[in-house]
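# Secondary and tertiary structure notes
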Amino acid sequence: GTDVSWEAVNLPVGLGGTAICSVWMNQATRICDHFHLRFDTDPATANQRRQAVCHEIAHSVGFDDYTSTNPPSGCTHNGPNGTLDSHEIFHINARY
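First, a word on scope: everything that follows refers to the structure included in this document. (Residues numbered from 1 in each chain as written. Predicted model: local features only at pLDDT ≥ 70, side-chain atom pairs only at ≥ 80, totals over all residues. Heavy atoms only, no water.)

## Let's talk about the pattern of salt bridges
Going through the model one piece at a time under the given rule, you end up with one salt bridge. A salt bridge links E7 to R38, with the shortest nitrogen-to-oxygen separation between them at 3.8 Å. In this pair, E7 sits in strand β1 (residues 3-9) while R38 sits in strand β3 (residues 31-40), placing the two residues 31 residues apart along the sequence. (Salt bridge = Lys/Arg side-chain N within 4 Å of Asp/Glu carboxyl O. Helix = DSSP H or I, 4+ residues; strand = E, 2+ residues; numbered from the N terminus.)

Below, the structure written as structure tokens:
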């Protein structure tokens, strides 16, 4: 299973967080064994912090940034409330 570590750091303005694979199990198929998540220490609102955490954790379980013209409203597409929507939950349940 994937391990996840995280830290609070000073990130560039407008960047709430990052998710970087530090140990690949299989880079060709994009299976990561260890993600390192970083969150901005800027005093953002509680909703912005929740959104960043939800979004970056979603990367650690296999989500890419959502690029469809009909995006979901959840955190993988920077939805406003830092929660997963039913579309995202469906994909997590299908995968795991």
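We are not done yet, so read on.
## Examining the state of the cysteines
Going through the model one piece at a time under the given rule, you end up with two disulfides. The partner cysteine of C54 in its disulfide is C75, sulfur to sulfur 2.1 Å. One disulfide, between C54 and C75, carries an S-S torsion of -60 degrees and so falls in the left-handed class. Highlighted residues: C54 in helix α1 (residues 46-60) and C75 in the loop between α1 and α2 (86-95), separated in sequence by 21 residues. Using a relative accessible area of 0% as the deciding quantity, one classes C75 as buried. (Disulfide = S-S within 2.5 Å. Buried < 20%, exposed > 50% of the residue type's maximum accessible area, 1.4 Å probe, protein only.)

## Side note on the environment of V61
With respect to the element layout, V61 can be found in the loop between α1 and α2. Residue contacts for V61: discarding those within four places in its chain leaves R95 and Y96. (Contact = heavy atoms within 4.5 Å.)

## Structural notes on the pairing of strand β2 (residues 17-26)
The pairing of β2 with β3 spans eight bridges and is classified as antiparallel. Across the sheet, N26 pairs through a bridge with I31, a residue of β3. Count of turn residues in the β2/β3 antiparallel hairpin: four residues, of which R30 carries a positive phi of about 60 degrees. (Pairing = 2+ DSSP bridges.)

## A look at the environment of T41
Structurally, T41 can be placed in the loop between β3 and α1. For the pair T41 and G17, spaced 24 residues apart in sequence, the C-alpha separation works out to 9.6 Å. Every residue in contact with T41, bar those within four places of it in the chain, is listed here: A8, V9 and N10.

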